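# Analysis of the macromolecular model
So you can see what is in the structure, the chains are spelled out below.
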Amino acid sequence: MSSLSHLGRSARAINASFSKAPIARVASTVAPRRTLLTLAAARRQGVALAQKTSSFKTTSQTALRAFSTSLPSLDDSEEAEESDDPTKAERFADETDVVIVGGGPAGLSAAIKLKQLANADGRELRVVLVEKAGEIGAHTLSGAVLEPRALDELIPDWKEKGAPLNQPALEDKMKLFTKNYAIPLPHPPQMTNTGNYIVSLSNYVKWLGEQAEEAGVEVFPGFAASEILYNEDGSVKGIATNDVGLDKNFQPKDEFERGMEFHAKVTLFAEGCHGSLTKQLVRKYNLRENSDPQTYGIGIKEVWKIDPKKSKPGTVVHGLGWPIDNATYGGSFIYHMGEDMLSLGLVIGLDYQNPYLTPYKEFQRWKHHPYVKDLLEGGECLSYGARALNEGGLQSIPKLYFPGGALIGCTAGFLNLIKIKGTHTAMKSGMLAAESAYAAITADNYEEDKPVVLEDFEQKVKDSWIWKELTEIRNCRPSFHTPLGNIGGVLYSGIDTILLKGRTPWTFHNTKPDHECLRVATNAQKIDYPKPDGVISFDLLTSVSRTGTNHAENQPVHLRLKDKDVPVERNLKIYDGPEGRFCPAGVYEFVDNEAGPQGSKRLQINSQNCIHCKTCDIKDPSQNIDWTVPEGGGGPQYTYT
């Protein structure tokens, strides 16, 4: 402990000594190679402890990164020479055993499990986890009712360790919403939450991050993995973080810093739903060759402080029906979190057909239902957020491994849609990947010059309770893809989950990706949404302000258009510009094109509003929007979610 404290103080001292100097000066400071190595050692051994102090946060990591990237090729006696083009300078490369991309439940569970295995064997094993959010948990959003099955396996004494699972689920209710009534329905047995907990997943993930650090994992928030690195044989070598300090034209500013490389024996991708690097891996290795297209939903939620007289801690309410029509998949949730806190939201399948549907406005309209409005009156909205989620289930899980790494958690798609839960399956997948990775790199026949192929990881998943759960409910989501719509899907799913439990000789399939589902505007009915009242419902920018989202000014737009003409020439002409409706953060809007002919339009991208939900990348009918990571630390700063 004294050694860790010393290293932590050293790191803080380094940061403090340069706190008055511009980052550019730090990056160009002449330093011997031994300084670089000292900082790398501090990172390996002391950064976790130092992160817990108020003076050592993302800014300190930035200072360390600036040192690390300044002199990647110097010997002890050499001095830095300024490059004519700093964006072409060699990046500092850090060697590790395992690098994990993403600090959510899957990534952190994998990291913890790896260190548990190594510590039990008395082995040195270096595990690095990078997370694009400025702090662990800041980009995490879910309902959420947590099933602790995987947690029980990973950290059996989680109660003694202070896990923030404080409100057990005590009562389940199912409602069919009409415009004015909430009609009780029989509760499906798979949705029963006995033994589960109503949680803030953001806070839960923060706690998991603390457990990872205590286990010896090197956790780096504020580091956005933007590039996959490959060996000459085509296997994954690791990842690189993005350059920071570029202006909107990709030119270096005074505070420019080159990104870092992390080389690893195994790279685990835990980016969450529709990960930006996962998309590249799927294409390169053809990981969807034998699986259905993934289908998605968008979940929009708020957290309220309500009148104590209306609070019913432990009550879980799920709803079907209004305001969603029979042709659109979706549902609602209301979770009484305890301490007079209420989590509520609406999930809409992104295979919806009407280009005039606006998920955000549907959610705001739903809150005016008498059942919901009564809960909210006299309360205060504290937080807002939105996130895409996987809905495809078993049929849409891609091949999970490739030379040098694997996909884990929601980036692969393990959500149990009937339970409306994916945290437990995500965690379990991370733990299984950790077991496979540890066995592979510690095996007697391990060879440094050959890529690790985690083929047994996929088999472990198929032999686990993850696969059993998803097999039982595999036909439920596709059963909504019939002319009977939601009515047919509910009837079939009820029979399947209660009586058949997936024991059928048939498997339905997800045949069409979500972006192909929109009707042309001329064949769709416009929707007249009520104006927000500012008390129960809110305008979009007010809600976005409650996400805490922030992106540095004058940086490259991370929402990239493959063809700048497509939004107007195709999406606006054919679908009446759905970008401004499917985004739940006001990122996209069609405005007058001052530089074009009179009356012409252009798509304006307000990237500073982005809350990283990934909906645009999924639902754009032209697949012209490519969501990429912004500078590390940017994005929402979720609380209570």
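Note that this is a predicted model, so its numbers are computed, not measured.

## Here's the deal with the packing of aromatic side chains
For the structure shown, the criterion picks out 14 aromatic pairs. Among the aromatic side chains, those forming a connected cluster through ring pairs are Phe177, Phe363, Trp366 and Tyr371. The ring of Tyr230 carries Lys284 above its face, with NZ or CZ at 4.6 Å from the centroid. Just above the ring of Tyr352 sits the side chain of Lys619; from NZ or CZ to the centre is 4.3 Å.

## As for a nonpolar patch on the surface
Taken together, Leu176, Tyr181, Ile183 and Leu185 make up a surface patch of nonpolar side chains, about 360 Å² in accessible area. Tyr181 gets classed as exposed once you look at its relative accessible area, which sits at 59%.

## A few points about the packing of helix H11 (residues 423-441) against helix H13 (residues 465-472)
The N-to-C vectors of H11 and H13 enclose an angle of 140°; their axes lie 10 Å apart at closest approach. The angle between H11 and H13 places the two elements in the oblique class. Every residue of H13 that contacts H11 at His424, Thr425, Lys428, Ser429 and Leu432 is listed here: Trp465, Ile466 and Glu469. Across the contact of H11 with H13, the residue classes tally to three nonpolar, three polar and two charged.

## Notes on the pattern of salt bridges
Taken as a whole and assessed by the stated rule, the structure comprises 26 salt bridges. Asp157 is the salt-bridge partner of Lys161, the closest N and O atoms lying 3.9 Å from each other. Lys161 sits in the partly exposed class, given a relative accessible area of 40%. Taking the shortest distance from any N to any O, the salt bridge between Asp243 and Arg258 comes out at 3.0 Å. In this pair, Asp243 sits in the loop between strand E10 (236-241) and strand E11 (244-246) while Arg258 sits in the loop between strand E12 (252-257) and strand E13 (261-269), placing the two residues 15 residues apart along the sequence. On the accessibility criterion, Arg258 (14% relative accessible area) is buried. One continuous salt-bridge network, built from bridges that share partners, spans Glu147, Arg149, Lys419 and Glu469.

## Examining the sheet that holds strand E4 (residues 167-168)
One open sheet accounts for three strands, arranged E3-E7-E4; its pairing is antiparallel. Of all strands in the sheet, those with a lone pairing partner are strand E3 (145-146) and E4, marking the two edges.

## Regarding the packing of H11 against helix H12 (residues 455-463)
Contact geometry of H11 with H12 gives a least axis separation of 9 Å together with a crossing angle of 140°. Here H12 runs oblique to H11, going by the angle between their axes. Crossing of H11 over H12 shows right-handed handedness. Facing H11, whose interface residues are Ser429, Leu432, Ala433, Glu435 and Ser436, H12 presents Asp456, Phe457, Lys460 and Val461. Considering only residue class, the contact of H11 with H12 consists of four nonpolar, two polar and three charged.

## With respect to the side chain of Asn193
Tracing the backbone shows Asn193 in the loop between strand E6 (182-184) and strand E7 (197-198). There is a polar contact of 2.8 Å between the side chain of Asn193 and the side chain of Asp172. In terms of polar contacts, Asn193 uses its side chain to reach the side chain of Lys421, at 2.6 Å. Ignoring sequence-local partners within four residues, the contact set of Asn193 consists of Val145, Ala169, Asp172, Val316, His318 and Lys421.

## Considerations on the nonpolar core
If you look at the biggest cluster of nonpolar residues, it comprises 88 residues, and the most contacted ones within it are Ile100, Leu268 and Phe269. When residues of this core are assigned to their parent elements, the largest contribution, nine residues, is made by H11. The contact partners of Ile100, leaving out residues within four places of it in the chain, are Gly107, Ala110, Ala111, Leu114, Val127, Val128, Leu129, Val130, Leu268 and Ala270. Counting 54 residues, the second largest nonpolar core, distinct from the first, contains Phe363, Leu375, Tyr529 and Cys583.

## Some details on the pairing of strand E8 (residues 218-221)
Neither face of E8 is left uncovered, since the one carrying Glu218 and Phe220 and the one carrying Val219 and Pro221 both have all their residues buried. As defined by bridge partners, strand E2 (residues 127-131) adjoins E8 across four bridges and the pair is classed as parallel. Each bridged residue has a counterpart across the sheet, and for Val128 the counterpart in E8 is Glu218.

## Considering the sheet that holds strand E18 (residues 380-390)
The sheet built from seven strands is open, its strands ordered E6-E5-E15-E16-E17-E14-E18 with mixed pairing. Each edge of the open sheet carries a strand with a single partner, namely E6 and E18. Averaged over all neighbouring strand pairs, the angle between strand axes comes to 25°, with direction disregarded. The pairing of strand E14 (residues 296-305) with strand E17 (residues 341-349) spans nine bridges and is antiparallel. If you follow Val303 over to E17, its bridge partner there is Ser343.

## Let's talk about unusual backbone geometry
Trans is the prevailing form of peptide bonds, just as negative phi is the prevailing case for residues other than glycine. Residue Ala144 is bonded to the preceding Gly143 through a cis peptide linkage, with omega at -5°. Tracing the backbone through its elements, the reader meets Ala144 in the loop between E2 and E3. In the segment running from Trp322 into Pro323, the intervening peptide bond is cis, with an omega of 10°. The residue Pro323 is located in the loop between strand E15 (315-321) and strand E16 (330-338) in this model. Positive phi, close to 60°, is recorded for His612, a residue that is not glycine.

## With respect to the environment of Ile112
Mapped onto the secondary structure, Ile112 falls in helix H5 (residues 105-121). For Ile112, a relative accessible area of 2% gives the class buried. Considered as a pair, Ile112 and Val127 are 15 residues apart in the sequence and their alpha carbons are 9.1 Å apart. In contact with Ile112, other than residues within four places in its own chain, are Leu154, Ile155, Leu208, Gln211, Ala212 and Val217.

What counts, and at which threshold
- Residues numbered from 1 in each chain as written.
- Predicted model: local features only at pLDDT ≥ 70, side-chain atom pairs only at ≥ 80, totals over all residues.
- Heavy atoms only, no water.
- Phe/Tyr/Trp six-rings, centres within 6.5 Å; stacked < 30°, edge-to-face > 60°.
- Lys NZ or Arg CZ within 6 Å of the ring centre and 35° of its normal.
- Patch = residues over 30% accessible without salt bridge, like charges linked within 9 Å, V, L, I, M, F, W, Y side chains within 5 Å.
- Areas by Shrake-Rupley, 256 points an atom, 1.4 Å probe, with all protein chains shown as cover.
- Salt bridge = Lys/Arg side-chain N within 4 Å of Asp/Glu carboxyl O.
- Buried < 20%, exposed > 50% of the residue type's maximum accessible area, 1.4 Å probe, protein only.
- Axes fitted to C-alpha atoms, helices over the stretch in contact; angles between N-to-C directions.
- Helix = DSSP H or I, 4+ residues; strand = E, 2+ residues; numbered from the N terminus.
- Parallel < 35°, antiparallel > 145°, perpendicular 65-115°, else oblique.
- Contact = heavy atoms within 4.5 Å.
- Nonpolar A, V, L, I, M, F, W, Y, C, P; charged D, E, K, R; others polar.
- Pairing = 2+ DSSP bridges.
- Left-handed = near helix turned anticlockwise from the far one by under 90°.
- Polar contact = N/O pair within 3.5 Å; in protein donor to acceptor, adjacent residues only side chain to side chain.
- Core = buried A, V, L, I, M, F, W, Y, C linked by side-chain atoms within 4.5 Å.

Purely geometric numbers; function is a separate question.
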